[in-house]
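Structure at a glance
Here is what each chain is made of, one letter per residue.
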Amino acid sequence: MGKALEGVRVLDMTHVQSGPSSTQILAWLGADVVKLETPGRGDITRGQLRDLPGVDSLYFTMLNANKRSITLNMKSEQGKEVFAKLVSSADVLVENFGPGVVDRFGFSWEKLHEINERLIYASIKGFGPGRYANFKAYEVIAQAMGGSMSTTGFEQGPPTATGAQIGDSGTGIHLVAAILAALYQRTGTGRGQRVQVAMQDAVLNLCRVKLRDQQRLAHGALGEYPNERFGDEVPRSGNASGGGQPGWAVRCAPGGPNDYIYVIVQPVGWAPLTELIGRPELAEDPDWATPEARLSKLDKVFAMVEEWTEQRTKWDVMELLNARNIPCGPILSTKELIEDETLAELGSVVEVPHPERGAFKTVGCPLKLSDSPVDVERSPLLGEHNDEVLGEIGYSAADVEQLRTAGVI
């Protein structure tokens, strides 16, 4: 069975997380992703946060599955010649360098378009043009400047970063959408185009409900928030759902750091919930029976629920609540996720062999296409595919050996 992006070649000049997360999805969807790395070192994450000496780190292996690796010295004239040939045969070039880096190599968008008018040149930057354009951006900086940190945490606490990498991998996913749109448009125009996503914009897009609430503040307090006081900006609201259906994380037995379950109280679920926790009289009590009546005392609602859940494990609570169609979700630790049998069966967590480090676990492709199944393959060793890829663009074995001797690859 074919792959959705079979026949699409991606020249991957990305590093660290935001770019590699994007090109890995393209590789999972069937594109031939050729990762271009610096000779001798490669992507800096190969050596970052190593758990085994002298072996590619999990940081690298979990972001570069299904790719091929070549090395190239872009500062040499021969290296630039090789790069131009690579560009001429590529459909997509992806990079996440700082502003102007590729231009300084001598390859502006105009030059790249001249080499290959069908090329889609896709970039991730920290910020769009303007005041912040040349600022450095990292994951938590993007969260800070995109609205996430100011609205994450508890009311009296400091701004808090989310564990989900919405600045890096979140931007990578946005770039995938932009690349696919450009590929689709090219089927009609025959022309490539410049594609760019800023990390700040991606985080902001993921925080749009907070901008919704910022504008609602002009008309009064936000009733679905548990906060007692409101100023002129959206407050941090702990574990409140932030939507029309109130929710909270309540403690469960035996009381460990992740022995919690998140429970949402829908109007239709109130009566079965009161029966389950041993307070059936509240189903008809006018002080509790309607969402409006409960809104001003949600803390008391979830305190009652917690009195019940504290006597049971989160897994028992999950079964009892789901049997009554009450939305809930146990707080799953990273250990529980990586060992979850259901996620393994679904391919959401997969085990991948590696010639140097042995088998390791990683995430599977979250995009499920019925006609384009994904087999997660290991990340490439540094320069593993030099001979193979250069041979495909016309270099003989002798040519490749000369490039190697000259330090070009």
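The numbering scheme is per chain: residues are counted from 1 as the chain's sequence reads. The predicted nature of this model means local features are confined to residues of pLDDT at least 70 and side-chain atom pairs, given and counted, to a pLDDT of 80 or more, with totals for whole chains, interfaces and linings taken over all residues. As a convention, hydrogens and water are excluded, and side-chain values are obtained from all of the structure's heavy atoms.

Overview of the environment of Glu139
Runs of H or I in DSSP of at least four residues are treated as helices and runs of E of at least two as strands, each being numbered from the N terminus. Of note, Glu139 is situated in helix α6 (residues 139-145). Residue burial is assigned from relative accessible area. The probe radius is 1.4 Å, only protein chains are included, and a residue is buried under 20% of its type maximum, exposed over 50%, and partly exposed in between. Note on Glu139: relative accessible area 7%, which makes it buried. Once the C-alpha coordinates of Glu139 and Thr362 are considered, the two residues, 223 residues apart in sequence, prove to be 20 Å apart. Contact between two residues is taken to exist if any of their heavy atoms lie within 4.5 Å; hydrogens are not considered. Residue contacts for Glu139: discarding those within four places in its chain leaves Ala164, Gln165, Ile166, Gly167, Asp168 and Met199. Reaching out from Glu139, the side chain makes a polar contact with the backbone nitrogen of Ile166 at a distance of 3.3 Å. Side-chain atoms alone can form a polar contact between residues adjacent in sequence; in general such a contact is a pair of N or O atoms within 3.5 Å, and within protein one must be able to donate a hydrogen while the other accepts it. A polar contact is formed between the side chain of Glu139 and the backbone nitrogen of Gly167, at a distance of 2.9 Å.

Some remarks on the pairing of strand β3 (residues 68-71)
The side-chain alternation of β3 yields two buried faces, one formed by Arg68 and Ile70 and the other by Ser69 and Thr71. When DSSP finds at least two bridges between two strands, those strands are taken to pair. Bridge count for strand β2 (residues 32-37) against β3 is four bridges, and the pairing is parallel. The residue of β3 that forms the bridge with Glu37 is Thr71.

Describing the nonpolar core
To define a nonpolar core, start from buried Ala, Val, Leu, Ile, Met, Phe, Trp, Tyr and Cys residues and group those joined through side-chain atoms within 4.5 Å. Among the nonpolar cores identified, the biggest contains 34 residues, and Val10, Leu26, Val92, Leu175 and Ile179 are the most heavily contacted of them. Counting residues per element, this core draws most heavily on helix α7 (residues 169-189), which supplies five residues. When sequence neighbours within four positions are dropped, the list of residues in contact with Val10 reads Thr23, Leu26, Ala31, Asp32, Val33, Val34, Val92 and Val94. Listed in part, the 29 residues of the second largest apolar core include Leu93, Phe107, Leu390 and Leu403.

Read these as layout, nothing more, since geometry by itself doesn't imply function.
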